[in-house]
Amino acid sequence: MRVFVAGDWHLGTYTPPAEARLAVEFLEWAPAHADLIVLNGDIFEGLFEAPERAERAQPRAAELIDRLAAAGTLRRTQGNHDPGGGVLSIVIEHPAVGRVLVAHGHAADPMHASSVGHFGDGISRRFGHLGLVRGAAAVVESAVSGLFAGPVDRLYRTKCLAMVERERCALGVFGHNHRRHLVAGDPYVNAGRLTRSRLEYLVLDDDGPALREFTGATGA
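Keep in mind the model is a prediction, meaning the values are calculated, not measured. (Residues numbered from 1 in each chain as written. Predicted model: local features only at pLDDT ≥ 70, side-chain atom pairs only at ≥ 80, totals over all residues. Heavy atoms only, no water.)

**A word on the overall build of the protein chain**
When its secondary structure is counted, the protein chain shows six helices and nine strands. In the protein chain, which comprises 220 residues, the share counted as buried stands at 48%. Taking all contacts inside the protein chain whose residues are at least 6 apart in sequence as the whole, residues at least 24 apart take part in 67%. Of the roughly 10500 Å² of accessible surface on the protein chain, 56% is carried by carbon and sulfur atoms. (Helix = DSSP H or I, 4+ residues; strand = E, 2+ residues; numbered from the N terminus. Buried < 20%, exposed > 50% of the residue type's maximum accessible area, 1.4 Å probe, protein only. Contact = heavy atoms within 4.5 Å. Areas by Shrake-Rupley, 256 points an atom, 1.4 Å probe, with all protein chains shown as cover.)

**Focus on the packing of aromatic side chains**
The geometry of an aromatic ring pair is captured by the separation of the ring centres together with the interplanar angle, meaning the angle of the planes. Taken as a whole and assessed by the stated rule, the structure comprises eleven aromatic pairs. With centroids separated by 6.3 Å and ring planes inclined at 70 degrees, the aromatic side chains of Trp 29 and Tyr 201 adopt a geometry described as edge-to-face. Here Trp 29, found in helix α1 (residues 17-29), pairs with Tyr 201, found in strand β8 (residues 199-205); they are 172 residues apart in sequence, far enough to count as distant. The two residues Trp 29 and Tyr 201 agree in class, both being buried. With a centroid separation of 5.1 Å and an interplanar angle of 40 degrees, the aromatic rings of Trp 29 and Phe 214 are classed as tilted. Taken as a pair, Trp 29 in helix α1 and Phe 214 in strand β9 (residues 208-214) lie far apart in primary sequence, 185 residues in all. Relative accessible area serves as the criterion here: at 0%, Phe 214 is assigned to the buried category. (Phe/Tyr/Trp six-rings, centres within 6.5 Å; stacked < 30°, edge-to-face > 60°.)

**Describing the pattern of salt bridges**
Going through the model one piece at a time under the given rule, you end up with 13 salt bridges. The residue Glu 213 makes a salt bridge to Arg 180 at a minimum N-O spacing of 3.1 Å. Placement of Glu 213 in strand β9 and of Arg 180 in the loop between β6 (171-174) and β7 (188-190) is noted, with a sequence separation of 33 residues between them. For Arg 198, the salt bridge goes to Glu 200, with nearest N and O atoms at 2.9 Å. Residues joined by salt bridges that share partners form a network here, namely Glu 28, Arg 60, Glu 63 and Arg 67. (Salt bridge = Lys/Arg side-chain N within 4 Å of Asp/Glu carboxyl O.)

**Observations concerning helix α3 (residues 59-71)**
Over its 13 residues, α3 runs 18 Å from end to end, which matches the ideal 18 Å to within 8%, given 1.5 Å per residue. Among the residues of α3, those classed as buried are Ala 61, Ala 62, Leu 64, Ile 65 and Leu 68. Looking down the long axis of α3, one finds its buried residues gathered within 165 degrees of arc, a one-sided arrangement. More than 90 degrees from the buried face of α3, the exposed residues found are Pro 59, Asp 66, Ala 70 and Ala 71. Where the residues of α3 are buried, they touch α1, β2 (36-40), α2 (51-57) and β3 (74-77). Two residues or fewer past α3, Gly 72 is found with a positive phi of approximately 85 degrees. (Expected span 1.5 Å × (residues − 1). Arc of directions from axis to C-beta.)

**Comments concerning α1**
A rise of 1.5 Å per residue sets the reference length of α1, with its 13 residues, at 18 Å; its end C-alpha atoms lie 18 Å apart and thus fit the reference within 8%. Where α1 is concerned, the buried positions are Glu 19, Ala 20, Leu 22, Ala 23, Val 24, Phe 26, Leu 27 and Trp 29.

**Quick look at the sheet that holds strand β5 (residues 98-103)**
Pairing is mixed in the open sheet, where four strands are placed in the order β4-β5-β6-β7. Here the strands that pair on one side only, and so sit at the sheet edges, are β4 (89-94) and β7. Here the strands of the sheet are splayed against their neighbours by 25 degrees on average, with no regard to which way each runs. In the sheet, β6 pairs with β7 via three bridges, with the strands oriented parallel. Bridge pairing in β7 places Val 173 opposite Val 189. (Pairing = 2+ DSSP bridges. Axes fitted to C-alpha atoms, helices over the stretch in contact; angles between N-to-C directions.)

**Section: the environment of Glu 93**
Relative to the elements of secondary structure, Glu 93 occurs in strand β4. In this structure the C-alpha to C-alpha distance between Glu 93 and Cys 169, which are 76 residues apart in sequence, comes to 9.2 Å. Within the structure, the side chain of Glu 93 is placed 2.7 Å from the side chain of Arg 99, a separation counted as a polar contact. (Polar contact = N/O pair within 3.5 Å; in protein donor to acceptor, adjacent residues only side chain to side chain.)

Encoded structure:
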């Protein structure tokens, strides 16, 4: 059984063309190479603009996702940027890996759950169409990542692992903080994100979990 897990694409009106193209190429390529594709939250950018507007801005990606979901080869979880885009979590019974929990992970983020996080989300949802607001959000995110990345990531990991234990899983695959992670024997995994040059994803197959990068159908 071969499973691909990818997330944090943030597709929408403001997505650079190179990123949108990579996402579409991955969705076109992946069904021939995996039994199941799991899109793990924040696939469309529904925080800085209305989710339906984000999907309309990326019609080919939205069409492929709907078609693959209807065929039963794709499942989605929801993230904080695309609430309602899928279920909260998925448990996969993988013959080689065991029970695998897939969840975006925003519920475990101490910043997201804080009053500051709620205030920031409210501002972004109301005024995210303004470039100034999007720029300010990016600055704040960079500052938090730089100054508090260690403590925040440790707490985030601890809460994610509690979810894995609660679901009695051997492995938990998360996203949200955009920092990919896979270490042998560690039940916490982060599949990574989409950038202009690569789409990071996780493979679960008979050899176990592995991180991969998609750079286009010819370079996958």
